[in-house]
Amino acid sequence: MAARGAAKRASAFVAPSSCSCFARFVFVASFLLLVALVYSAARPSIIPRYDDRPKDPLARRRDRRTCNYSDGSWILEPETVPSRYDHSCKEIFKGWNCIGNRKINGRDLLRWRWLPSRCRLPRLDPLRFLHRFRGANIGFVGDSLNRNMFASLVCMLRSASGEVRKWRPAGADRAFTFLNYNLTIAYHRTNLLVRYGRWSASDLGGPLESRGYKQGYRVDVDVPEQSWAEAPGFHHILIFNTGHWWWAPSKFDPVQSPMLFFENGSPVLPPVTPDIGFNLALRHMISYVERRTTTDTMKFFRTQSPRHFEGGDWNLGGSCRRTQPLLPHEVDELFSTKNATNAEVRVINRHLYEALHGTSFHILDITRMSELRADAHPSTTGGKKHEDCMHWCLPGLTDTWNDAFVATLEDHLGN
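Quantities reported herein were computed from a predicted structural model and do not represent experimental measurements. (Residues numbered from 1 in each chain as written. Predicted model: local features only at pLDDT ≥ 70, side-chain atom pairs only at ≥ 80, totals over all residues. Heavy atoms only, no water.)

## Structural notes on the sheet that holds strand S6 (residues 183-189)
What counts here: Any two strands between which DSSP finds at least two bridges are classified as paired. Helix and strand definitions here come from DSSP, where helices need a minimum of 4 consecutive H or I residues and strands a minimum of 2 consecutive E residues; each element is numbered from the N-terminal end. As a rule, the C-alpha atoms of each element are fitted with a line to give its axis, helices using only the stretch in contact, and angles between N-to-C directions run from 0 to 180 degrees.
Across the sheet, which stays open at both edges, the seven strands sit in the order S4-S5-S6-S3-S9-S12-S13 with mixed pairing between neighbours. In this open sheet, the two edge strands, each paired with only one partner strand, are strand S4 (164-167) and strand S13 (362-364). Geometrically, the sheet is characterised by an average inter-axis angle of 20° between neighbouring strands, direction not taken into account. Note: strand S12 (residues 298-302) against S13, three bridges, orientation parallel. Paired with Arg302 across the bridge in S13 is Leu364.

Structure, rendered in C-alpha cells:
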C-alpha cells in the first residue's frame, strides 16, 4: 500500500517550470482550436463540397437516385391555385404579363400543375430557398428565354423578401441581391454565348473575300461574349441556354448576312454551316466554363424552349391561340422535324445532349413539359406586331421550370 501511494505521489509530481510550459501549451492549443471553430462557423457554406457527401455507399446511392422531372403530364386543378407572386411584380417584362394584359386564359394558367410520372415535383418555397442558399450567387446566362426564367425566380423570391439591391455584377444585364440573405440572382444576356458582330469584306481581300463573301456576321466560336465572360468566376450556381438565335434567318440570312465562323482569330475554312458552328461554339464554351469554375460550382444547361407557331412562322402570320395544353399526338405533329416552323427545338437538343455528354454540367430538361403548353404564350397580348408564340406568360410555365431547377439542385446537393 505504501509503495503504491509513493508511486501515485511521484506520478502526480511535476516540476513548477514544466507545469508552466504545459499550461501555456494547453492554453495556446485551446485558443487556436477555438479560433478555427469560430472561423469555420462564420464561413458561408454555399454549396456542400462533394467530399462532404455521406461516405456510406447506400447513402450515396440514395443521393444519386434523382427524379426524372421531365417525364409527366399536366393536370388541371379544380380551382385556381393562389399565385406565388403578383402579376404586378416589376421584373415581369410588359409583353409577358398575361394577367395584366387580360389574356383570356391568363389566370387559368395558374391551375395547371406538372405531375411527373414516378415522383412528385415540389413547388418552390421562396423562404426555404432564401435560407437554403443564403450567401450564394446564382447566374442565368443566355437569351431572352433565360430572362423569362430569371424573372420568374426573382418575382417568387421578392414575394418572401422585399429588401433588395439592384446592380450589375460581373457584366450582368441585371441582378438583385436579397439583402437579408446576401443572395444574388443575376441575368447575363447573350444571344449566341460567343462573341459576334458585323463583318464586311476588306478592299485588301482575304480568304472569305476570295470566296465571294461581301458581308455577314463574324462569329468567334472560341471567345465568350463579354456580358458573361466573368460570370463563371463569380457565381456558385449557373444556368445556361442558347439556341433560338442560331437558326434565325431573319437575323442571319444565309445569303445576305451569313454567319461566318472564326476560330483562333482566323476564319474556319472552308466556311461551315450554322449547325457545325453551333457544335464548335458549344465545345469551346463548355470547356471555358469548366476551366473557370471550381468543383463546388453547380452548372446547369437548360434544354430548348419550344415555339408554338401554327399556320406559319412568326413573320408569316403564325399564331398560338389555344387555351388548353396540346395532346401528345398534337405535340408530335407540331414538332416533327418535317415541320420546319418549330423543328429547331429537337434539332438543337440533339446538339446539346451530344456536346454535354461526359461534362460536369447537369442538364435541365424542360422541353417535353413545355411542348405541351401551346396555351401558355402571350400570343396576341404580347404587344408586338406579330403574335408572341416564343416567350411565356408570367406567372406561368417558367415557374414550373424553376420548380424543376430547384428540385434537381437539391437532389444533387442533398437536403
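## A few points about the pattern of salt bridges
Basically, it comes down to this: One speaks of a salt bridge when a side-chain nitrogen belonging to Lys or Arg is within 4 Å of a carboxyl oxygen belonging to Asp or Glu. In this scheme, a residue with accessible area under 20% of its type's maximum is buried, one over 50% is exposed, and one in between is partly exposed, where area comes from a 1.4 Å probe on protein chains only.
Following the criterion strictly, the structure yields 18 salt bridges and no others. The shortest N-O distance in the salt bridge between Asp332 and Arg346 comes to 3.9 Å. Linking Asp332 in helix H8 (residues 328-334) with Arg346 in helix H9 (residues 344-356), this pair joins segments that are 14 residues apart in sequence. Classification of Asp332 by relative accessible area gives partly exposed; the value is 42%. With a shortest N-O distance of 3.1 Å, Arg346 and Glu371 are connected by a salt bridge. With Arg346 in helix H9 and Glu371 in helix H10 (residues 367-371), this pair connects stretches of sequence that are 25 residues apart.

## A short note on empty space enclosed by the protein
Formally: A cavity here means a set of points on a 1 Å grid, drawn over the protein atoms and nothing else, where a 1.4 Å probe fits but cannot get out; a pocket is an open set with protein on both sides within 12 Å along at least five of seven lines, and a residue lines either one if it has an atom within 4 Å of a point. Grid points are joined across faces, edges and corners, and a volume is the space filled by probe spheres set on the points. Here the nonpolar group is Ala, Val, Leu, Ile, Met, Phe, Trp, Tyr, Cys and Pro; Asp, Glu, Lys and Arg are the charged ones; every other residue, Gly included, is treated as polar.
In the structure shown here, the tally under the stated rule is one cavity of 30 Å³ or more. Approximately 30 Å³ is the volume attributed to the largest cavity. Lining the largest cavity are Leu193, Trp228, Phe240, Met285, Ile286, Val289, Phe301 and Phe361. Here the lining of the largest cavity gets three residues from one element, more than from any other, and that element is helix H7 (residues 274-291). The residue makeup of the lining of the largest cavity, split by class, is eight nonpolar, no polar and no charged.

## What to know about the state of the cysteines
Using the following cut-off: Only a pair of cysteine sulfur atoms within 2.5 Å counts as a disulfide in this structure description.
For the coordinates displayed, the defined rule picks out four disulfides. There is a disulfide in this structure between Cys67 and Cys119, and the S-S distance comes to 1.5 Å. Taken together, the positions of Cys67 in the loop between helix H3 (57-64) and strand S1 (72-76) and Cys119 in the loop between strand S2 (112-116) and helix H4 (126-132) put the pair 52 residues apart, joining distant regions of the chain. In the chain, numbering the disulfide-bonded cysteines from first to last in sequence yields the connectivity 1-4, 2-5, 3-8, 6-7.

## Regarding H9
Which entries qualify depends on this criterion: Expected helix span is given by 1.5 Å per residue-to-residue step, counting one fewer step than there are residues. This arc is taken over the directions from the axis of the helix to the C-beta atoms. Only heavy atoms enter the contact rule, under which two residues are in contact if any of them lie within 4.5 Å.
Over its 13 residues, H9 extends 18 Å from the first C-alpha to the last, a length consistent with the 18 Å expected when each residue adds 1.5 Å. All buried positions along H9 are accounted for by Glu344, Val345, Ile348, Asn349, His351, Leu352 and Leu356. Each buried residue of H9 sits inside an arc of 165° when the element is viewed along its axis, so together they form one side. Among the exposed residues of H9, those pointing more than 90 degrees away from its buried face are Arg350 and Glu354. Looking at the buried positions of H9, the neighbouring elements they touch are H7, S12, S13 and H10. After H9 finishes, the residue Gly358 shows a positive phi value of roughly 80°.

## What to know about the packing of aromatic side chains
Selection criterion: A pair of Phe, Tyr and Trp rings is counted when the ring centres sit within 6.5 Å of each other, with Trp represented by its six-membered ring. The angle between the planes then sorts it: under 30 degrees is stacked, over 60 is edge-to-face, the rest tilted. Remark: a charge is flagged as sitting over a ring if the NZ atom of Lys or the CZ atom of Arg is within 6 Å of the ring centre and within 35 degrees of the ring normal.
Within the structure shown, the criterion is met by 21 aromatic pairs. Ring centres of Tyr217 and Phe252 lie 5.0 Å apart, and the angle between their planes is 85°; this geometry places the pair in the edge-to-face category. Of the two residues, Tyr217 is situated in strand S8 (residues 215-224) and Phe252 in the loop between strand S9 (237-240) and strand S10 (259-263); the sequence distance between them amounts to 35 residues. Residue classification places Tyr217 among the buried positions, given a relative accessible area of 9%. Overall, Phe252 belongs to the buried group, its relative accessible area being 6%. One aromatic cluster is present, built from ring pairs that chain together Phe140, Phe150, Phe176, Tyr187, Phe300 and Phe405. Over the ring of Tyr217 we find Arg198; its NZ or CZ atom is 4.7 Å from the centre of that ring.

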